[in-house]
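Structure at a glance
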Amino acid sequence: KDEVMVTIREGFTIRDAEYVLGNAGVLVSNSLRNLELEQFTREYQFLTGINSLEGFILPDTYRLKMHGSATEVLGKFLDAWKLKAWPILENRKNWYETLILASILEREVPKFEDRQIVAGILLKRIANKIPLQVDATVSYAKCNGAIRECENPRVLRNDLSLLSPYNTYQILGFPPEPISNPGLSAIRAAVTPKSSNYFYYLSAAKTGITIFSRTLEEHNLNRVKYL
């Protein structure tokens, strides 16, 4: 057989996708990241000025050639993204920031309605010049963008001082690039943020349910209760 079905899951990073493609015999490792994006900008104008493919591989199941060319494989991914994701984002002024936000929601929050509330919280934090303090961005830095193969993706207290443009405990605003490849649901949540009285949220350790709080005091009590 010279073709194989490969599933790119929601929240995979580019390195995770390369790992899966390598295991399936489609590409050798690093071959997507080694491509010069400029050669794709004529056909995919949204890549103009973009330095990373992170965020542009639409999670889906693809039929791909074994031992194919990286250029061909990326073309399939970008065609899917252009067809399905780009129409949701293209009319937004800061569409790339919205894609970064969607990549955070994908990794942090499972339910669509909760994602909309978290999108509102994160945008409110940026407007108020408060650090986002998102664990998933720290995890991305700590794991060097390879979450699947990371020995310990959980963020520990001493990871919060990590020097990285992805450490949203240390920097203001969004990280420079997406931290995962979000699915359409996360992208839709990012373009429809909901305003709320909340400023904080966490994922309950046992259930993964998102718990919201209005104040730091309430948030700290929830940390003790749910983490």
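Summary of the structure given here. (Residues numbered from 1 in each chain as written. Predicted model: local features only at pLDDT ≥ 70, side-chain atom pairs only at ≥ 80, totals over all residues. Heavy atoms only, no water.)

Description of the environment of D16
Checked against the element boundaries, D16 lands in helix 1 (residues 14–23). Distance from D16 to W81, taken between C-alpha atoms, is 18 Å for residues 65 residues apart in sequence. Within the structure, the side chain of D16 is placed 3.0 Å from the backbone nitrogen of T13, a separation counted as a polar contact. (Helix = DSSP H or I, 4+ residues; strand = E, 2+ residues; numbered from the N terminus. Polar contact = N/O pair within 3.5 Å; in protein donor to acceptor, adjacent residues only side chain to side chain.)

Looking at the packing of helix 4 (residues 95–108) against helix 6 (residues 135–142)
At their nearest, the axes of helix 4 and helix 6 sit 9 Å apart, and the two run at 95 degrees to each other. Taken together, helix 4 and helix 6 sit at an angle that is classed as roughly perpendicular. Here I104, R107 and E108 of helix 4 come into contact with helix 6, specifically with D135, A136, T137 and S139. Tallied by class, residues from the contact of helix 4 with helix 6 come to two nonpolar, two polar and three charged. (Axes fitted to C-alpha atoms, helices over the stretch in contact; angles between N-to-C directions. Parallel < 35°, antiparallel > 145°, perpendicular 65-115°, else oblique. Contact = heavy atoms within 4.5 Å. Nonpolar A, V, L, I, M, F, W, Y, C, P; charged D, E, K, R; others polar.)

Some details on the nonpolar core
L32, F56, F77, W81 and W95 are the most contacted members of the largest nonpolar core, which totals 63 residues. By residue number, the principal contributor to this core is helix 4, which donates eight residues. Ignoring anything within four residues of it in the chain, the contact list for W95 reads F46, I50, F56, W81, W86 and L89. (Core = buried A, V, L, I, M, F, W, Y, C linked by side-chain atoms within 4.5 Å. Buried < 20%, exposed > 50% of the residue type's maximum accessible area, 1.4 Å probe, protein only.)

A short note on the packing of aromatic side chains
Enumeration over the complete set of coordinates arrives at 14 aromatic pairs. Taken together, the ring pairs in this structure connect Y44, F46, F56, W81, W86, W95 and Y96 into an aromatic cluster. Above the ring of F199, the side-chain terminus of K124 is found at 4.6 Å from the ring centroid. (Phe/Tyr/Trp six-rings, centres within 6.5 Å; stacked < 30°, edge-to-face > 60°. Lys NZ or Arg CZ within 6 Å of the ring centre and 35° of its normal.)

Focus: helix 2 (residues 70–84)
Taking 1.5 Å per residue, 15 residues should reach 21 Å; helix 2 reaches 21 Å between its end C-alpha atoms and fits that length. Within the sequence span of helix 2, burial applies to A70, V73, L74, G75, F77, L78, A80 and W81. Lining the buried residues of helix 2 we find strand 1 (3–8), helix 1, strand 2 (60–65), helix 3 (86–89) and helix 4. (Expected span 1.5 Å × (residues − 1).)

Some points on the side chain of S103
By secondary structure assignment, the location of S103 is in helix 4. Those residues in contact with S103, other than ones at most four positions away along the chain, are P178, I179, S180 and P182.

Looking at the pairing of strand 3 (residues 200–203)
A regular strand carries its side chains on alternate faces of the sheet. Summarising the sheet, strand 3 and strand 4 (residues 210–213) pair through four bridges and their orientation is antiparallel. Residue Y201 lies in a different strand from strand 4, and its bridge partner there is F212. In this antiparallel pair of consecutive strands, strand 3 and strand 4, the connection spans six residues, and G208 shows a positive phi of 75 degrees. (Pairing = 2+ DSSP bridges.)

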